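Chain and residue survey
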Amino acid sequence: MDSGTKRETGEPGWVGLPGGLLTLRRLLLVFWTVLLAVATGVSLGLLAGPVWALFGVVWLGVLAWGWVMLGRNWRSWRYAERADDLLISRGVLWREQTVVPYGRMQLVEVTSGPLERRFGLASVQLHTAAAASDARIPGLVPAEAERLRDRLTELGEARSAGL
């Protein structure tokens, strides 16, 4: 029984994350860097003089760098459902690929914090017996997160390893 997604080449069909997660993270980046730029500029301007206030501009460089890095990080996240396990891949410089066998899953939960709910996002958290092998897929559309939770729970029960 082969229930995983595969391409013609036999490789798993990878699914990327929706763009809402990137939007949320970039908005948080803009909010915090602008806040820090203003705080730095005002405090240095009042304490050391107006020329020193220009050091607040450093935070705008951090904003530009972070904008690019967030895009690269977002593009690196992907997951694939295979016949016997779930693959999660992430990372730009240090690539990390997690393989979670369906039979080893103990708990699959969908979480959504206040900001995630505002942007229509949810995360799927997979718990296994080994604490180091817990896996997470952030920023999914809630309907996809619930579908994935239900499918993984069904497959986990069907392939239970009987710990």
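Everything that follows concerns the structure shown earlier in this document.
Position labels on residues start from 1 in each chain and follow its written sequence. Since the coordinates come from a predicted model, pLDDT governs what is reported: local features require at least 70, and pairs of side-chain atoms require 80 or more to be given and counted, while whole-chain, interface and lining totals use all residues. Side-chain calculation: all heavy atoms of the structure are included, whereas hydrogens and water are not.

Topic: the overall build of the chain
Here is the rule we go by: Helix and strand definitions follow DSSP, with helices as H or I runs of at least four residues and strands as E runs of at least two, each counted in order from the N terminus. Three exposure classes are used, based on accessible area relative to the maximum for each residue type with a 1.4 Å probe and protein chains only: buried under 20%, partly exposed in between, and exposed over 50%. Note on contacts: a residue pair qualifies if any of its non-hydrogen atoms lie within 4.5 Å across the two residues.
Looking only at helices and strands, the chain features 4 helices and 7 strands. Shown N-terminal to C-terminal, the secondary structure of the chain runs as helices and strands in the order β-α-α-β-β-β-β-α-β-β-α. The buried share of the chain, taken over its 163 residues, is 34%. Residue pairs in contact within the chain that sit at least 24 positions apart in sequence constitute 49% of those at least 6 positions apart.

Points about the pattern of salt bridges
So the rule is basically this: Any carboxyl oxygen of Asp or Glu within 4 Å of a side-chain nitrogen of Lys or Arg constitutes a salt bridge here.
Under the criterion given, the structure shown has 6 salt bridges. For Glu144, the salt bridge goes to Arg147, with nearest N and O atoms at 2.9 Å. Here Arg147 and Glu144 lie together in helix 4 (residues 142-158), a separation of 3 residues that amounts to about one turn. Judged by relative accessible area, Glu144 falls into the partly exposed class, the value being 24%. For Arg147, a relative accessible area of 36% puts it in the partly exposed group. Each of Glu81, Glu144, Arg147 and Arg151 takes part in a single network of salt bridges with overlapping partners.

Description of the nonpolar core
Test applied: Here, nonpolar core refers to any group of buried Ala, Val, Leu, Ile, Met, Phe, Trp, Tyr and Cys residues whose side-chain atoms link them within 4.5 Å.
In terms of nonpolar packing, the biggest core is built from 22 residues, with Leu86, Ile88, Met105, Leu126, Ile137, Leu140 and Leu152 touching the most fellow members. Those elements giving two or more residues to this core turn out to be helix 1 (19-47), strand 3 (85-90), strand 5 (105-111), strand 6 (122-128), strand 7 (135-140) and helix 4. For this core, the element with the most residues is helix 4, which contributes 4 residues.

Quick notes on the sheet that holds strand 4 (residues 96-101)
So the rule is basically this: A strand pair is defined by DSSP finding two or more bridges across the two strands. Only the contacting stretch of a helix is used when fitting its axis, a line to C-alpha atoms as for every element, and angles between N-to-C directions run 0 to 180 degrees.
With respect to topology, 4 strands assemble into an open sheet ordered 1-2-3-4, the strand pairing being antiparallel. The open sheet has two free edges, formed respectively by strand 1 (15-16) and strand 4, since each of these has just one partner strand. Sheet topology places strand 1 next to strand 2 (residues 78-81); 2 bridges connect them, and they run antiparallel. Paired with Gly16 across the two strands is Arg78, which belongs to strand 2. The strands that helix 4 touches are strand 2 and strand 3; relative to strand 2, the one it contacts most, it runs at about 40°.

What to know about the packing of aromatic side chains
Put simply, the test is: Geometry of aromatic contacts follows a simple scheme: Phe, Tyr and Trp rings, the Trp one being its six-membered ring, pair when their centres are within 6.5 Å, and the pair is stacked under 30 degrees between planes, edge-to-face over 60, tilted otherwise. Lysine and arginine charges are scored as sitting over a ring when NZ or CZ, respectively, is within 6 Å of the ring centre and within 35 degrees of the ring normal.
In this structure the tally under the stated criterion is 2 aromatic pairs. Where Phe31 meets Trp32, the ring centres are 5.0 Å apart and the plane angle is 80°; that geometry is what we call edge-to-face. Between Trp52 and Phe55, the aromatic rings sit 5.4 Å apart at their centres with planes inclined by 20°, giving stacked as the arrangement. Trp52 sits in the partly exposed class, given a relative accessible area of 46%. Above the face of the Trp14 ring, Arg78 is positioned so that its terminal group lies 4.2 Å from the ring centre.

Notes on a nonpolar patch on the surface
Heads up, the condition is: Within the patch definition used here, like charges are joined within 9 Å and nonpolar side chains (Val, Leu, Ile, Met, Phe, Trp, Tyr) within 5 Å, considering only residues with over 30% relative accessible area and no salt bridge. To be clear on the numbers: accessible area is Shrake-Rupley with a 1.4 Å probe, and residue cover counts the displayed protein chains and nothing else.
Taken together, Val51, Trp52, Leu54, Phe55, Val57, Val58, Leu60 and Val62 make up a surface patch of nonpolar side chains, about 790 Å² in accessible area. Tracing the backbone through its elements, the reader meets Val57 in the loop between helix 1 and helix 2 (58-76). Looking at Val57, the relative accessible area reads 47%, which means it is partly exposed.

A short note on the sheet that holds strand 7
The strand order across the open sheet built from 3 strands is 5-6-7, with neighbouring strands paired in antiparallel fashion. The open sheet has two free edges, formed respectively by strand 5 and strand 7, since each of these has just one partner strand. Geometrically, the sheet is characterised by an average inter-axis angle of 15° between neighbouring strands, direction not taken into account. Strand direction decides the pairing type here: strand 6 and strand 7, joined by 4 bridges, are antiparallel.

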